[in-house]
Amino acid sequence: DAKNMVLPGMDGMCEDRLERLDRLIHKIKNKKRKGKDNKSFLLHHKLRTLTSVFPSTTTSAITTFNTGLAPQEHGLIAWWMYLKEFKDEVCILRFKSKKEQKLAPKKFNFPESIFTRFNSRDKLLSYTILRKSYFSSPYNAALSQKIQKVGIYNFNGLCRNIQKIVSQKEESTKKKYIYAYCGE
């Protein structure tokens with residue numbers, strides 16, 4: 001019964017990369033802090049390993065994180081897709097046509113956000129941490145309604161903000177769901 005659930009989404013982050021990162025951190029800490037617990041923060045708090053969705057595209061994975069639905073359920077499986085509502089190919093995450101035209105998101109039926117369910121059913125405080133430039137996308141606006149949004153510029157900002165949200169004292173009794181994505 002965890003108090004906080006943090007779901008980090010990082011392009012290309014697989015189990016062996018996490019373990020290599022842990023070994024590197026372990027090696028650095030052993031030089032500086034002999035005899036102390038050298039297990040990395042990530043591996044110390046890891047609950048289980050998630051594997052990628054299929055197809056393993058950024059659009060498909062992010063939509064699964066944001067909706068809790070498998071790709072065959074949400075249907076957003078590629079960076080560019082033909083959407084009959086617009087009679088054009090659309091870059092899903094930016095929600096622009098091939099001609100760089102902004103599209104009216106009301107014409108498209110986005111799947112329900114997992115944050116909506118968490119907020120109403122589970123009474124969780126929900127957060128999304130993304131690059132500031134991503135918040136202007138109609139895709140992100142549709143799938144991150146009624147949650148607290150935190151904008152970042154880089155991976156360090158992502159880590160700092162996760163730590164800040166998890167350690168907030170005034171809301172320490174409430175459970176938190178934090179989706180943090182850094183595509184660098």
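Anyway, here's the lowdown on the structure attached to this text. Model, not experiment: these values are computed from the prediction.

Scoring rules and cut-offs
- Residues numbered from 1 in each chain as written.
- Predicted model: local features only at pLDDT ≥ 70, side-chain atom pairs only at ≥ 80, totals over all residues.
- Heavy atoms only, no water.
- Pairing = 2+ DSSP bridges.
- Helix = DSSP H or I, 4+ residues; strand = E, 2+ residues; numbered from the N terminus.
- Buried < 20%, exposed > 50% of the residue type's maximum accessible area, 1.4 Å probe, protein only.
- Core = buried A, V, L, I, M, F, W, Y, C linked by side-chain atoms within 4.5 Å.
- Contact = heavy atoms within 4.5 Å.
- Axes fitted to C-alpha atoms, helices over the stretch in contact; angles between N-to-C directions.

This part covers the sheet that holds strand β3 (residues 88-91). Taken in spatial order, the three strands of this open sheet run β2-β3-β4, and their pairing is antiparallel. Edge positions in the sheet fall to β2 (80-83) and β4 (96-97), since each of these pairs with one other strand and no more. As judged from the four bridges shared by β2 and β3, these two strands associate in the antiparallel manner. Across the sheet, residue Tyr82 finds its bridge partner in β3, namely Glu89.

Okay, the pairing of strand β7 (residues 176-182) next. The buried count for β7 comes to seven of seven residues, which makes it a mostly enclosed element. Here β7 shows two buried faces, one formed by Lys176, Ile178, Ala180 and Cys182 and the other by Tyr177, Tyr179 and Tyr181. With seven bridges connecting them, strand β1 (residues 4-10) and β7 associate as parallel partners. Bridge pairing links Met10 to Cys182 in β7. Pairing analysis gives five bridges linking strand β5 (residues 125-131) to β7, with the strands arranged parallel. Paired with Ile129 across the two strands is Ala180, which belongs to β7.

What follows concerns the nonpolar core. Counting 24 residues, the largest nonpolar core has Phe95, Tyr139, Tyr177 and Tyr179 as the members making the most contacts within it. Elements supplying a minimum of two residues to this core: β2, α5 (114-122), α6 (138-143) and β7. In this structure, Tyr177 is in contact with Met5, Leu7, Phe65, Ile114, Phe115, Phe118, Leu124, Leu125, Ser126 and Tyr127, ignoring residues within four places of it in sequence. Counting eleven residues, the second largest nonpolar core, distinct from the first, contains Val150, Ile165, Ile178 and Cys182.

In this section: the sheet that holds β7. Strands sit in the order β1-β7-β5-β6 across an open sheet of four strands; the sheet is parallel. Edge strands, defined here as strands with exactly one partner in the open sheet, are β1 and β6 (148-152). Looking at each pair of strands side by side, their axes are set apart by 15° on average, direction ignored. Pairing of β5 with β6 involves five bridges; the strand directions are parallel. Its bridge partner being in β6, Ile129 is matched across the sheet by Val150. Helix α3 (residues 58-67) contacts β1 and β7 of the sheet and is inclined by roughly 170° relative to β7.

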